[in-house]
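Structure at a glance
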Amino acid sequence: VKFPGEDLVLYVWVDAPIGYISFTEQACKLKGLDWKKIWLKGEGEIIHFIGLDIVYHHCIFWPAILKGAGYALPKAVVASGMVKVEGKTFSKTRGYVVWVEDDYLNAGFNPDYLRYYIVNYTSHEKDLNFSWKIFKEKVNNELIATLGNFIYRVLHFAWKNFGKVDGKVDEVVLDKIKEIKEKIVESIKRWEFKEASDAFMELAKFGNEYFQSSEPWNLIKKDKEKCKDVLASCIQIVKALVIFSYPVMPKTMKKVGEWIGIDVTKARLDDALEVKPVEVKKPSIPFEKIDEKKVEEMEKVLMDRIRRAEIKEKSSEEISIDYFAKLDIRIGKIVRAEKIKGSKKLIKLEI
């Protein structure tokens with residue numbers, strides 16, 4: 001399809017975005033809703049999450065097609081930065097690529113680690129650099145040392161010493177949870193996903209400090225009821241963390257939610273402030289540490305791929321003198337050149 005006013009032809013960008021409408025229709029069928037209310041009557045919010053390389057298409061072509069067809073226009077187009085691998089531009093041809101299935105999942109990594117890295121590395125509007133070393137540091141220093149450490153310490157102590165925890169939750173803790181909830185809501189409204197993930201990590205840090213300063217391991221010997229109150233407050237923080245971080249780390253938080261009796265798939269943000277007794281099941285360590293050897297192994301896989309790509313590129317550019325000697329090279333004279341009917345670029349040559 002010719003694009004008016006420019007020497008440009010549209011291929012996939014005419015029909016591919018129609019998939020947005022068709023999958024909305026399928027989703028609405030499952031929910032018993034009418035897709036036309038969203039795409040024809042404009043009763044829903046349509047937001048596009050795209051990469052910078054297709055801003056042109058989603059801000060000009062697609063809205064023009066929608067407007068011409070009488071469909072609702074998107075409310076916002078949220079464009080994220082480009083992906084880099086080890087500081088180099090993402091390129092399958094040059095080997096700067098990490099395959100989710102072959103390199104990541106098949107190597108035994110938790111999918112939640114990658115989700116967290118992508119969301120928390122930087123603002124979505126900036127370029128995202130994937131580095132195995134930085135990946136290891138973020139997982140070990142943030143997910144394990146801060147978030148996972150707090151969750152496991154609290155739940156293991158509660159399970160071992162009480163089982164059921166029905167103490168009074170500290171108002172300071174509830175105020176902090178409310179503050180974090182509001183930060184997350186505000187961040188999401190501005191499509192700032194890093195800020196939202198920073199917020200629940202701030203709550204995890206607060207929880208660690210609260211647990212450490214309260215010293216429940218000493219308190220349980222002196223005042224069991226007060227110790228139960230401290231644990232109730234800490235479990236309330238765990239509950240909030242599960243709900244707040246579930247969209248980023250669904251696999252892990254679904255499991256943690258089961259230890260404290262929460263079906264996180266049905267939870268709302270406000271549920272983080274709901275106070276009630278909790279029966280704690282025996283927990284396990286939520287996140288496994290990534291060791292240096294594993295990172296070195298993955299870096300070797302990447303470097304081998306880059307080297308193979310370089311060899312392939314070289315072999316396509318250079319041939320040996322022996323191979324060159326086999327070529328039959330002749331000089332020809334073009335005696336006639338004609339346009340081919342129906343084509344703008346092809347020319348018929350007689351030599």
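The structure we're discussing is the one just above.
Residues numbered from 1 in each chain as written. Predicted model: local features only at pLDDT ≥ 70, side-chain atom pairs only at ≥ 80, totals over all residues. Heavy atoms only, no water.

Description of the sheet that holds strand 5 (residues 128-130)
- The strand order across the open sheet formed by 3 strands is 4-3-5, and the pairing between neighbours is mixed. With one partner strand each, in any of the chains shown, strand 4 (88-89) and strand 5 form the two edges of the open sheet.
- Pairing analysis gives 2 bridges linking strand 3 (residues 83-85) to strand 4, with the strands arranged antiparallel. Across the sheet, residue Val 85 finds its bridge partner in strand 4, namely Lys 88. (Pairing = 2+ DSSP bridges. Helix = DSSP H or I, 4+ residues; strand = E, 2+ residues; numbered from the N terminus.)

Things to note about helix 12 (residues 250-259)
- Every buried residue of helix 12 is listed here: Thr 252, Met 253, Val 256, Gly 257 and Trp 259. Projected down its long axis, helix 12 shows its buried positions confined to an angular sector of 150°, all on one face.
- Of the surrounding elements, those touching the buried residues of helix 12 are helix 6 (111-120), helix 7 (132-161), helix 11 (224-245) and strand 7 (278-279).
- At the C-terminal side of helix 12, Gly 261 shows a positive phi close to 75°. (Buried < 20%, exposed > 50% of the residue type's maximum accessible area, 1.4 Å probe, protein only. Arc of directions from axis to C-beta. Contact = heavy atoms within 4.5 Å.)

Overview of the layout of surface pockets
- The calculated volume of the largest pocket comes to roughly 950 Å³.
- Lining the largest pocket are 39 residues, with Ile 118, Val 119, Phe 193, Pro 247 and Val 248 sitting closest to its centre.
- Per element, the largest residue contribution to the lining of the largest pocket is 5 residues, and it comes from helix 9 (residues 193-214).
- Here the residues of the lining of the largest pocket sort into 30 nonpolar, 6 polar and 3 charged.
- Estimates place the volume of the second largest pocket at around 280 Å³.
- Gly 108, Phe 109, Asn 110, Tyr 113 and Glu 288 are the residues nearest the centre of the second largest pocket, which is lined by 16 residues in total. (1 Å grid on protein atoms, 1.4 Å probe; cavity = no way out; pocket = protein on both sides within 12 Å on 5 of 7 lines; lining within 4 Å. Points joined across faces, edges and corners; volume = space filled by probe spheres on them. Nonpolar A, V, L, I, M, F, W, Y, C, P; charged D, E, K, R; others polar.)

Description of the packing of helix 11 against helix 12
- Contact geometry for helix 11 and helix 12: axes closest at 9 Å, N-to-C directions at 150°. Here helix 12 runs roughly antiparallel to helix 11, going by the angle between their axes. Crossing of helix 11 against helix 12: the hand is left-handed. Counted together, Val 238, Leu 241, Val 242 and Ser 245 of helix 11 and Met 253, Val 256 and Gly 257 of helix 12 form the full contact between these two elements.
- Across the contact of helix 11 with helix 12, the residue classes tally to 5 nonpolar, 2 polar and no charged. (Axes fitted to C-alpha atoms, helices over the stretch in contact; angles between N-to-C directions. Parallel < 35°, antiparallel > 145°, perpendicular 65-115°, else oblique. Left-handed = near helix turned anticlockwise from the far one by under 90°.)

Side note on helix 6
- For helix 6, every residue scored as buried is listed here: Asp 112, Tyr 113, Leu 114, Tyr 116, Tyr 117 and Asn 120.
- At its buried positions, helix 6 is contacted by helix 5 (100-104), strand 5, helix 7, helix 9 and helix 12.
- With a side-chain oxygen positioned 2.8 Å from the backbone nitrogen of Asp 112, the residue opening helix 6 is Asn 110. (Polar contact = N/O pair within 3.5 Å; in protein donor to acceptor, adjacent residues only side chain to side chain.)

Some points on the packing of aromatic side chains
- For the structure on display, the rule yields 22 aromatic pairs.
- Ring centres of Tyr 113 and Phe 287 lie 6.0 Å apart, and the angle between their planes is 45°; this geometry places the pair in the tilted category. Of this pair, Tyr 113 sits in helix 6 while Phe 287 sits in the loop between strand 7 and helix 13 (292-317), placing them 174 residues apart in sequence.
- Measuring from centroid to centroid gives 5.6 Å for Phe 130 and Phe 135, while their planes differ by 45°, and the two rings are tilted. Each member of the pair, Phe 130 together with Phe 135, is buried.
- Three or more aromatic residues joined by ring pairs make a cluster, and in this case those are Tyr 104, Phe 109, Tyr 113, Tyr 117, Tyr 121, Phe 130, Trp 132, Phe 135 and Phe 287. (Phe/Tyr/Trp six-rings, centres within 6.5 Å; stacked < 30°, edge-to-face > 60°.)

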